[in-house]
Structures are given as structure tokens and as C-alpha cells.
Amino acid sequence: MVDARLPRGPEGFSEALEYAALSGPFDPRAALAAISRESRQRAAEAASALAAVCDTNPDESDTWLLLAPNRQQVLRALRASGRLQDAIERRRTDSAGTITADLLDALSDTGAFTLQRVGDALGSAGREVLVRVATVLDWAGEFAAAAPLLESSRTAIKRLDLLARGQNIREQPFVGRASEIKRLMSLLAQPVRRNVRGVFMSGPPGIGKSALMEQVILRHSDEFGSVVVRLDFDRAGLDVTDLRSLTMEASRQIADRIGNAARDLFDERLRTAGLREGSESVLETRRAFPESLAATLARTLEAAHRPLLVVIDTLESLQARGETHLRQLFDWLQLLSGLGVNRMSVLVAGRAAPPAEFDRVVGDPVVLEGLSEPAALELATRLEVEPSSRHVVVDRAAGVPLAIKLAADIVRSDGIGALPRDRLNPKLASAMLYRILLSRIDDDTLRDLAHPGLIARRISADLLQDVIGPAVGLPRFGDERARELFDSLARQHWLVEADPSEPGFVRHRGDIRRDLLPLLYQDKPQLCARIDREAVKWFAARDDDASAIDALYHRLQLLRRSPTRPAIPERLARLMDAATLQELPETAQVMVKQVVGDFSSTSPNLSGQPSWSDEPRVVRDLVNIISKADWAEGRALVNRIERTSGIDPRSRLADAVRAFWWRAGQWYDANWLLRERDRMGGDDTDLRQLEPPLAVARIEMRGEYGRAAQLLKRPNELLRDTPLISGLTGISRYGGLAFRLQRVAPDMLGSFEIEEAPDPVQSAFNRWSAEGPGQWDDGAIEFVHRRLLSVGVSLQGPARPWVETQMMASLTPYAGMVVNLAQGDRLLSSRAREAVATLLAGPHSPLLLADEIAVPPHAGVDIEPITAIANAGLFAEWAEALGYVLEHPNLRSIGRAADNWRRTIAGDWKYGPAVPRGWKPQLIDEVLKARIHRHQNSPAPRELAFIQLSAWVPHLGSGEAVWDLIQRRSAGALASASRARVEGGFAAAAAKLRQYKVPTAFVPSIITLIEARY
């Protein structure tokens, strides 16, 4: 039932809440003025209550903004009591600003916000007015008479954005290519017959493919009213094998372009986004073609009477993903055609033509060469090249548009004599002329710094010294030399310009940067990524907004090389200007727009939602939630934070969110946010200032993920200066951190309190270190045997060493993390219950690989299933295997950490390259080696292999089904392991599989099937 009551609070709170609900951003002093005159104490109490339901810094000002759910609750209560109109009139008598007056008009159906006038504005108003309309209608919600036009206002904004993009393209200098445009338009006009085919064009970098493509898209849209879907396979997240996401991306773009008429498509896309389609595997869900969504897509296009134009701008990126990906793309398009997308054209551009064997091509590919001489001369004229130099510029640039621009720069600065004597190869012209431009720099060191150092958005002397120089491999130079190099760079006015926002910085000239930035990233991708990584840390260490934007900019540029999503603070995203945004890869642009609530993004509108920043109250709430282990409440709060704003990864709030994720079992998420902190230059000097749960969580993560070197340099200070002892958990006492501490400071673990259970870390050092007795302690073996008995499994006589080692794995400290994780993911508990039946009972249990272990015929375990699997010593292998099959990043992250611990317990040290003294390195661990031997010595090894595969993940059915999935997903790992088997035996093959992160549980079966050449 909808709550129609005002929230309770201290005296004066309800009046302040009413004021806030009928305001846009407001001055809290005005909202609390009445109560302030009566009592300062009551005013403070009311202010505290009001702050709890407001964004207290919505636009970097002193104003507050009531949160959307609370606004709706107040308006609902006022309407239910019949007081809404009176409250509106009272608010009008106060000094309401323009945006508040708009809100009051929307709530009372007057002024510019009547249904009629808003409808009229949608067809004629400018973008600024439309954004204002959408914002106010979003605040007013169902209480505005014009509420039905909210989505229409957002659609109108999208329409204006598309028109502005088209106008921007029309204003760009474009000459020639008339015959190519005519040819491409003719080919695109050919109807789809039996098979979907594509129109291909190719040419070297800088030849003008993208500019020509934009002109063709504009003409096609103007002539046919086509709906354009752009598929950029430079984006790490776009994959032709993921039919679900591919269809959703196409649907998103079509809905954006068609607008209100695509409402059914919008709704079906949202339904598909939350649908698992009954599949047990995330991978299979992604590969399944969403037929219902595609059919709705087809009906939407048909109803709009508009054709579809699919554009692929980077054919080489698609082909680099795999030899079959181009054909798979067209197979997907064929599926769309089969469901009714009959009016479809496909335009594909790349550096090279499609493979000769690819037969789904309309006509012959259009191969771009240099501009014709008249067109090239016209471009040179537009670039203000002197008449006497134009023919030479055009000749030396081989007609390549970008090369003509660069040659024009050279001639304007240094004269015609600075150009090469001979005509350049068209494929190399742009890069060669850019290097000629750079060669005009007399200083060799500065030339090395400029290419590709100019990918940096802004450059200073210190940046040259600290970032670009080391990245390009130059010896470190001093302050005086850095200033000298910077001053020399600043004099290259053809290349850089002064940064008006901050003295001491220059930036790449915009007209050159726009065309050359993609070439720089293509020419030296690894070096560019290195510069971006270091620039993130360097700029993040500064404390001004411009540098914070630079740090975010370079973090987003790293998406060209890695699909890992960055943390994007909303405040910085809003400060990023359009020109800067356009320099980013498309996937980064989409992420930024989502954070700021851009109406064309894939996320719902978030404008007006809170910017959490370093909100102390939220941090306190999360600390309390962690202490109470209230994971459901914590997830609700963290999800709200994620929905409403990006998180600054170096903030106290990020520490709180990260610690919550860590304790709640969301280890992949927690590690991602920690990596983002590290990328932004964060260190661990602030640990002593953090609340104990936050500090200990970060220390534990350092221990698990191998970034603990700085902490472990001075272990005594770690204990003295951090709350590690007072905040000790099972993970910090018995997990990866404990192994690392035992290696560097053997006596340190003695200062920690220990449980009644044996200490697995000390036991492992006793077992595997030359300084220990070389065997497991009898007391420890007796303890883990009791754990086996608790799940109905027993020992029949003395256990061999490897069996004792397997039993010691029951001391894992990681199972509780998955128990916590499963509270928010019921599927994990369900899969654990299924696995108990095959892992702990029956003839297929992996435990039966040890002859001395007896398992019951049927599982009758009364304890929680994940705990039961852990007590049997099989938790690490099960968690890692299930995470792999489900493609569950958090489960897989815990599973890998747990298996690193298990492998170390079994003799294969996994906590850094520095092995403890006397610990003999092993290629694979003792338990894995024994299991492989048991498989090989089986009278029916292939049958056993399939039985064991099925036992670990029984929900997939047969072992053959598991093997099929492994072959599809880890083909490269299997090929590499096969070669290693020939060269180094089964241990080498097993090590290679683990190197590729193939789950340990599957390795014995895979080795068997490789040897059988199955």
C-alpha cells in the first residue's frame, strides 16, 4: 500500500518538509525560518531530520534538494488530506525562484506547465527549455497534469541532440567524394533478398572513411528517414556472441531515435534486461537470441514506416575478435530479418575489405583512395594554403584528407620547403606528415616526449618529468631540464596552445587533436595505455577540479585497452565538457552520460538525485550494518548509492562501500573499487584514520590480491598503526594475509587470538617448510576428521598424506563469505544443495578418489549446504567451478582466493613470488597431483572424467555437457595444455590450465580427456 502519511520527525520538521516538497533546490535556512525564530535547539533537530531526506549538495552550492521518493510521499499526503492546493498557494507567497515557480505551476496545472502548453513546447522549444520541462515534470511526478508528457520531453531532447549532431557534421569541411557517395547510396538502396548483405568500404587511416560514412548516413536519413544503429566493436563490452546484449543495444538506439512510438520496445527491453530465460548459465543466457525483443523491434520499425541502417565503423576490430565474428554478426542480422526487419541496409567500414570467402557483400567493396585533385585543391583552399603552394601540398599528401591538413600546417609554419620532396604512400601519409611536424622540434628528447605523449589532455613541466618521460623510457631528468623542455614545447604553437584555465599547462591544439588522437592510440596502444595509467595517478594526487577531471579522463581512455568499468564520480562527470567527452571511446561516453542522467543513455533519468560524496551519515550507517551483518539492508543502501551517483574511489564512502561488499561476499565488486582507488593514486597511509571494519577490510584485500608489499615492509607498524588486531576476522587471521605475515614475520601471528580450531597457517608451515616436522599435527587431523564426520563422511583406517592434506582444506576461512553472498542470491544456495548430493554422498563423490574415505549412499546433511561442502574439504574447488559455470564474478573471485589458499595448504605456495625459506616450490599441489593419478589409473578413465565433471556442477546434467561448455569457453587453455602435456607431462598440462584460470575441480578430468584425445 502507498504511504499517504507525512514522515514523522521533530517539531517543525513537517513544515520544513512541506516547504522542501514544493521547492526546487532551496535554502535550508528559509525552510527552517519559522522554527528557528522559536527555538534554536528545535531548529537544529529539524535541520538534522531534513538533511536525512535531502541531497545537501545537488549542484555544488549551499542549497538542498528533497529526494524524489520523499517528495512524492509528501505530495501524496498533502493531496490525501485535501491541503495540496492551499500549500501550493502558501509557497507562492514566499520568494520562490524561477525553477520553484515552475514546479508550482506544474503541480497546479497553470502557467507554462499546463498539459496544452507543455505539449506545444515539445515541438518548438530549445534544448534548455526542454531540459527544464523534463526536470520539473520529473520532480512533480504523478501530481502534474502534464506528467504523461515526461517521456515525450525526454524524447524531444534526444531529437534535438541528433539534429545538433547532424548540423555539426554538415559544418565540418567536406569536399569531393561525390562518386563514392553516389555508389554507396546506390548499393544501400538494394533491397534485402534471401540473405542480409552489407555494403563495404575500405581505406587506410586518415583517408576520410569516417567523414564519408557520416555524410552517407546523413543523406540516407534525409532521403529515407532511416533509423541508424551504430555498432562500435572497439567497445570492449560489445560482442557478437552475446546476442542478448547485441539485440538490447540495437533496441536502445532504435527506441532513442523513434521516440514515443517506441514505447512497447522500451518496455520489452526493460523486461529482457531482467530476464534469465530459465537458463542456468549466464553465458547461455547471453548467447540465447531474445526473440520476443527482436520481434518487438521489427514491429516498431514497421509501425514507424522507417528503414533500418546498421553501421559498423571498425571492421578490423570485429575481425580481431575472431575469424567467425563477421559472419556471426550477419547471422544475427539475418535473425532480425527473419522476424520482420525487411527494410534493412548495412554499411561497414574498415582499413581492409572483407575476406574473399565472405559472400554476404552487396556489389564490390568501395575502396577509398586519395581525393581527386580538384577536391584536394578545394580542401587546401579551405585550409588557407597559399595558391602557389596548394598543388605541392596536395601532391605530397597523396590526396589523403588528414595528410592535407597536416601538410597545410607545415607549409603555414615553415614554408613549402619543409615538405618531403616526393609524393608519400597514401597508407602512410598522415603518420609521416605528423612525424615531419614533430621533426621540426630540434630537441630529440622533446620529440620523443611529444609522440605519443600528447595523448595527455594537459601537459606541464612536472607531467613531462614524472609521467611522460618515464613512460616512453627516457632517463629521469631534473627540474631545470623539465622546465626547459616544457618551455620549448609551449613555443610549438602549431602543435599546442596555452591552457586558459591554469598557467603552467599547455594542451594539444583541438583541430589537430580531433583527427590525430585515434591515430596515436592505434600507432602505439601499449605505450599510450602506460601514459594513461600513470597520468591517472599523477593528476589524482592534485587537489583541484581540473586535475580531477584529467584523472577521470585518462582513466576512461584506458577503456580502449581494458573493459573494466571505472568509478565515475557524478560531480566530475558533470564538469566534463562536450569536446573532452567526444575524445573518449564511445563506451566511456555512454558511461559518463549514464552517471549524469543524460536522457539518451541506457539508464533511467537520475537528474535531481543525490550526490553522495563523503556523506558521514551514510558511512556510519554502513559501518553499523557491517557490525550487525545485516546484508539485505546493506545491499539496499549500497544499491541506492550506486543508482544515484558515481563514487569517488578515494573517498571515505568508497571505503565503506568496499568494506560492505567485502563482508557481504561481493569480492569482485570490492576488488574493482580497490583497483580504481589504486589507479587514482590512492595509498594506504590513511588506514589509521579509518573505522576498524573499513581498515581491516582493505588490509585483508591487500593480503588476498597481492598488493600488500608496502604494508608488509614494516609489519610491526601494521599492528601498531592499524586496528588489525581489534578488528580481526577469520579472513585476516587464517587467510592470505596471515600466510604473507607468517612469511615476513614468523612470530607476529602469535600476537593474534586464535580459535579453538587448529591454526591452518602454522600447520601448513610445519608441513611444508624445511624447518618444520614435515607432517600434519595429529591434533589438527583429529579435528578435521570430526568435521568430516559432521557431514556423514568417515575415514576407514589411516589416511595417506595427500588425503590428510585434502581434509585440512576443511579449515578454509572463506566459506562464510559465500554464505553471506548467497543471502542476496538464492541461486547459489540452490546449487549448493544440489552439489551436496553428489559431492558428499553416492558413488560419484570426488571424496571416493581416496580409498580410505567412506561416503553415505544418500546425503542427509542437516547443516547449511555451503558449510557442509566446506566441512568436507571441497569448498574451494566447488566455489571456483560453480563461479566459472555461472559466470558469477563475485563467486568466482572468492573461489579463486579460496583455491589459492587450498593450493598453499597443499604445498603450492600462491602468495607472491617470494617463497618462504625452506618451502620447496611445486608445479602443482599435492592433492591435485594425487587426483590426476587416480584418474589415470582408473580402469575407465574417460567415464570417470565425465562422472567427476558432473559431480562438481550437477545442475548442468551430464559430464559431457560440462565438457562441451569447457571446450567452448576455454579453447585456448585446452590447446595450450595439450602442447604442455606433450612437452612436460601431466603436471605441466595441469599447471598450464591453472595459469589460464581453469577451475582446479575440472583439471583431472580435462587431463584425462586430453590424453584420450576426446
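Residues numbered from 1 in each chain as written. Predicted model: local features only at pLDDT ≥ 70, side-chain atom pairs only at ≥ 80, totals over all residues. Heavy atoms only, no water.

Turning to a positive patch on the surface, a few remarks are in order. A cluster of basic residues, Arg530, Arg533, Lys537 and Arg561, forms a positive patch at the surface. Mapped onto the elements of the fold, Arg533 is located in helix α27 (residues 525-540). (Patch = residues over 30% accessible without salt bridge, like charges linked within 9 Å, V, L, I, M, F, W, Y side chains within 5 Å. Areas by Shrake-Rupley, 256 points an atom, 1.4 Å probe, with all protein chains shown as cover. Salt bridge = Lys/Arg side-chain N within 4 Å of Asp/Glu carboxyl O. Lys, Arg positive; Asp, Glu negative; His and termini not counted. Charge placed at Lys NZ, Arg CZ, Asp CG, Glu CD. Helix = DSSP H or I, 4+ residues; strand = E, 2+ residues; numbered from the N terminus.)

Here the protein chain averages 83 in pLDDT, while 89% of its residues score no lower than 70. Within the model, the stretch residues 598-614 combines pLDDT values under 50 with 52 contacts to residues more than four positions away or in other chains. (pLDDT = per-residue confidence, 0-100. Contact = heavy atoms within 4.5 Å.)

Helical geometry: 3.6 residues make up each α-helical turn, so side chains three or four residues apart lie on a common side. When the terminal C-alpha atoms of helix α18 (residues 325-338) are compared, their 20 Å separation across 14 residues agrees well with the 20 Å that a helix rising 1.5 Å per residue should span. Those residues of α18 that sit buried are His325, Leu326, Leu329, Phe330, Trp332, Leu333, Leu336 and Ser337. The buried residues of α18 occupy an angular sector of 150° when projected down its axis, which confines them to one face. Positive phi appears at Gly340, one or two residues downstream of α18, with a value of about 120°. (Expected span 1.5 Å × (residues − 1). Buried < 20%, exposed > 50% of the residue type's maximum accessible area, 1.4 Å probe, protein only. Arc of directions from axis to C-beta.)

Here we come to unusual backbone geometry. Phi at Asp109 takes a positive value of approximately 55°, unusual for a residue other than glycine. Position of Asp109 among the secondary structure elements: in the loop between α7 (98-108) and α8 (115-122). Residue Asp109 is classed as partly exposed on the basis of its relative accessible area, which comes to 36%. The phi dihedral of Ala629 falls on the positive side, at around 55°, and the residue is not glycine. For Ala629, the position within the fold is in the loop between α32 (616-628) and α33 (631-644). On the accessibility criterion, Ala629 (39% relative accessible area) is partly exposed.

This structure, assessed with the given rule, holds 53 salt bridges. A salt bridge links Asp686 to Arg698; the shortest N-O distance between them is 2.8 Å. With Asp686 in the loop between α35 (667-679) and α36 (692-705) and Arg698 in helix α36, the pair connects residues that are 12 residues apart, well separated along the chain. In this structure, Asp686 and Arg698 share a single accessibility class: buried. Between Arg733 and Asp759 there is a salt bridge, with its nearest N and O atoms 2.9 Å apart. With Arg733 in helix α39 (residues 730-734) and Asp759 in the loop between α40 (736-744) and α41 (760-768), this pair connects stretches of sequence that are 26 residues apart.

Moving on to the packing of aromatic side chains. Applying the stated criterion across every chain, the model contains 20 aromatic pairs. Look at Trp662 and Trp667: their rings are 3.7 Å apart centre to centre, the planes differ by 10°, and that puts the pair in the stacked class. Of the two residues, Trp662 and Trp667, neither departs from the other in class, the shared state being buried. Geometrically, the ring pair formed by Tyr814 and Trp901 is edge-to-face, given 6.4 Å between the ring centres and 70° between the ring planes. One end of the pair, Tyr814, is in the loop between α43 (801-808) and α44 (815-822); the other, Trp901, is in helix α48 (residues 889-905), and 87 residues separate them in sequence. The exposure class of Tyr814 is buried, given its relative accessible area of 0%. We classify Trp901 as buried; its relative accessible area is 0%. Taken together, the ring pairs connect Trp662, Trp667, Tyr705, Tyr814 and Trp901 into an aromatic cluster. For the cation-ring pair, Arg91 lies above Tyr19, with the distance from its terminal atom to the ring centre recorded as 4.0 Å. (Phe/Tyr/Trp six-rings, centres within 6.5 Å; stacked < 30°, edge-to-face > 60°. Lys NZ or Arg CZ within 6 Å of the ring centre and 35° of its normal.)

Right, let's talk about the sheet that holds strand β5 (residues 308-312) for a bit. The strands that make up a sheet are held in pairs by hydrogen bonds between backbone atoms, and each pair lies either parallel or antiparallel. With parallel pairing, the five strands of this open sheet are ordered in space as β4-β5-β6-β3-β7. Taken across any chain shown, the strands that pair with only one partner, and hence form the sheet edges, are β4 (227-231) and β7 (366-367). Where β5 and strand β6 (residues 344-350) come together, five bridges link them in parallel fashion. Following the sheet pairing, Val310 is matched in β6 by Val346. (Pairing = 2+ DSSP bridges.)

Here the focus is the side chain of Arg458. Position of Arg458 among the secondary structure elements: in the loop between α23 (444-453) and α24 (461-471). Separated by 2.9 Å, the side chains of Arg458 and Asp499 make a polar contact. With residues near it in sequence (within four places) discarded, Arg458 still touches Leu463, Asp499, Ser501, Glu502, Phe505, Val506, Phe539, Asp544, Ala546, Ser547 and Asp550. (Polar contact = N/O pair within 3.5 Å; in protein donor to acceptor, adjacent residues only side chain to side chain.)

Look at helix α14 (residues 263-273) against helix α16 (residues 291-304): their axes get within 9 Å of each other, and the N-to-C directions meet at 170°. Classed by the angle they form, the pair α14 and α16 counts as roughly antiparallel. Between α14 and α16 lies a crossing whose hand is left-handed. Mapping the contact onto sequence places Asp264, Leu265, Glu268, Arg269, Arg271 and Thr272 in α14 and Ser292, Leu293, Thr296, Leu297 and Thr300 in α16. In terms of residue class, the contact of α14 with α16 is made up of three nonpolar, four polar and four charged. (Axes fitted to C-alpha atoms, helices over the stretch in contact; angles between N-to-C directions. Parallel < 35°, antiparallel > 145°, perpendicular 65-115°, else oblique. Left-handed = near helix turned anticlockwise from the far one by under 90°. Nonpolar A, V, L, I, M, F, W, Y, C, P; charged D, E, K, R; others polar.)

We now examine the nonpolar core. Judged by nonpolar contacts, the single largest core of 142 residues is most densely connected at Leu622, Tyr814, Phe875, Trp878 and Phe1002. When we break this core down by domain, the ones giving at least three residues each are domain 5 (614-753) and domain 6 (768-1009). Counting 49 residues, the second largest nonpolar core, distinct from the first, contains Leu32, Cys54, Leu130 and Leu137. (Core = buried A, V, L, I, M, F, W, Y, C linked by side-chain atoms within 4.5 Å. Domains from an automatic or database assignment.)

The next subject is empty space enclosed by the protein. The final tally for this structure, using the stated rule, is five cavities of 30 Å³ or more. Put simply, the largest cavity is a space of about 90 Å³. Gln190, Pro191, Arg197, Met344 and Val362 are, among the 13 residues lining the largest cavity, the residues nearest its centre. Elements that contribute at least two residues to the lining of the largest cavity include exactly α11 (178-188) and β6. (1 Å grid on protein atoms, 1.4 Å probe; cavity = no way out; pocket = protein on both sides within 12 Å on 5 of 7 lines; lining within 4 Å. Points joined across faces, edges and corners; volume = space filled by probe spheres on them.)

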